[in-house]
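Next come the chains, spelled out residue by residue.
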Amino acid sequence: MYKVKVGKKILSLNEEYAAKNRRFLAGHNKPCLNMISSPGSGKTAILARTITELKGRIRIGVIEGDIQTELDAERIRATGAPAVQINTAGACHLTAVQVAEALKKLPIDELDLIFIENVGNLVCPSTFELGETAKIAVLSVPEGDDKPAKYPAIFARAKALLINKVDLLEAVDFDIERAKADVLKLNRDIRIFAVSAKTGQGLEQWCDWLAERTNKAKGKQA
Amino acid sequence: MHELMVAQSLLASIGAEAEEQNAKPLAAKISCGIFNAINDDTLLFAFEAIAKGTICEGVKLNISHKPIQARCRNCRNIFEFDIASPRCKNCHSDDFELMPDPPLLLEEIEFDTE
């Protein structure tokens with residue numbers, strides 16, 4: 001019996017494509033945000049509202065990841081923004097090669113910012129780099145304030161967290177200060193926005209933050 | 001569920017190495033960061049299922065989960081991040097940044113000499 005040292009990254013193929021996507025996005029100077037949350041937290045509703053709020057300021061394109069259907073891409077297109085749907089046919093996360101294909105289908109030169117809406121799943125997508133500029137986490141209040149403590153990976157790595165459905169705070173036992181404190185323990189630099197995609201509450205600050213980041217990236221080009 | 005994808009990638013890597021060595025692989029050592037969403041039982045099950053009938057059939061996977069390092073912004077100390085007590089081990093500051101996750105790595109393969 002003998003041993004051979006290998007030292008090979010198991011997901012090296014995904015990482016190669018992620019690096020390719022990163023180069024493509026940097027070459028076009030387009031920031032790209034990978035949005036991760038449980039199913040039903042309101043990612044698509046937030047995106048649709050955000051696109052509408054930022055109309056005339058920031059042009060947004062969306063890559064939608066779902067196990068089945070074109071429903072989410074249709075909701076995005078209804079706002080007038082371009083959307084490409086990826087169906088993973090059972091897989092619990094998007095991979096960089098799928099995103100590479102989708103990026104080719106977006107009118108990249110007509111956009112300022114690209115969102116990737118990952119498959120609804122709080123666990124698996126954080127392991128698969130897609131070449132994004134940053135990750136954005138969404139947590140909705142009916143899910144419970146203990147989720148950052150129970151599923152730390154995405155909250156530790158995200159640049160921003162949207163706590164959605166705050167219009168339901170009175171109906172559910174969600175201690176927003178506890179959730180925030182648990183997230184900040186893992187990630188001091190994260191920006192936290194308490195929002196409701198339904199009523200529009202808190203979206204102005206989120207949109208301003210997005211616009212500021214996007215314009216900064218554009219400024220680099222000029 | 002993504003463990004199946006990890007298992008497929010492992011099978012290809014171990015298979016390729018086995019071909020190069022022209023030997024039967026017996027075991028493989030794998031490591032990943034604690035934030036890598038790898039469930040050991042799921043990965044073992046997936047690997048066993050797809051390895052059937054290949055040179056990797058019966059290969060034993062040893063999976064270790066590595067801690068994540070953090071850098072203190074107060075005293076610059078680099079320490080092992082502990083989720084139960086997220087503070088600098090040196091100055092006890094809670095102002096720190098997490099270092100990148102250790103990658104999902106195929107570290108070593110054990111081969112039969114026969």
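Nothing here was measured: the structure is a model prediction, and the numbers come from that model.

Caption draft 1: Representation of the nonpolar core. Grouped together as the largest cluster of nonpolar side chains are 29 residues, with contacts concentrated most on A:Phe115, A:Leu162 and A:Trp206. Among the elements that take part in this core, helix 8 (residues 203-221) of chain A stands out by supplying six residues, more than any other. One finds A:Leu139, A:Phe155, A:Ala158 and B:Phe35 within the second-largest nonpolar core, a separate group that totals 28 residues.

Caption draft 2: Quick peek at the layout of surface pockets. Approximately 890 Å³ is the volume attributed to the largest pocket. Forming the walls of the largest pocket are 38 residues, and the residues nearest its centre are A:Glu129, A:Lys135, A:Arg157, B:Pro100 and B:Asp101. The set of elements that each furnish at least two residues to the lining of the largest pocket consists of helix 1 (12-27), strand 6 (134-140) and helix 6 (152-157) of chain A together with strand 5 (96-98) of chain B. Here the lining of the largest pocket takes five residues from helix 1 of chain A, the largest share from any one element. Looking at side-chain class alone, the lining of the largest pocket contains 18 nonpolar, six polar and 14 charged residues.

Caption draft 3: Up close: the sheet that holds strand 6 of chain A. Residue and element names in this part refer to chain A. The seven strands lie next to each other as 4-3-5-2-6-7-8, forming an open sheet whose pairing is parallel. If you trace the sheet from one side to the other, it starts and ends with strand 4 (83-87) and strand 8 (191-194), each paired once. Across the sheet, the mean angle separating the axes of adjacent strands is 20 degrees when strand polarity is ignored. As judged from the four bridges shared by strand 2 (residues 32-36) and strand 5 (residues 113-117), these two strands associate in the parallel manner. By the bridge assignment, Cys-32 is partnered in strand 5 with Ile-114. In this fold helix 2 (residues 43-53) packs onto strand 2, strand 3 (60-66), strand 5, strand 6 and strand 7 (160-164), with an angle of close to 170 degrees to the strand it touches most, strand 3.

How each quantity is defined
- Residues numbered from 1 in each chain as written.
- Chains lettered and ligands numbered in written order.
- Predicted model: local features only at pLDDT ≥ 70, side-chain atom pairs only at ≥ 80, totals over all residues.
- Heavy atoms only, no water.
- Core = buried A, V, L, I, M, F, W, Y, C linked by side-chain atoms within 4.5 Å.
- Buried < 20%, exposed > 50% of the residue type's maximum accessible area, 1.4 Å probe, protein only.
- Helix = DSSP H or I, 4+ residues; strand = E, 2+ residues; numbered from the N terminus.
- 1 Å grid on protein atoms, 1.4 Å probe; cavity = no way out; pocket = protein on both sides within 12 Å on 5 of 7 lines; lining within 4 Å.
- Points joined across faces, edges and corners; volume = space filled by probe spheres on them.
- Nonpolar A, V, L, I, M, F, W, Y, C, P; charged D, E, K, R; others polar.
- Pairing = 2+ DSSP bridges.
- Axes fitted to C-alpha atoms, helices over the stretch in contact; angles between N-to-C directions.
- Contact = heavy atoms within 4.5 Å.

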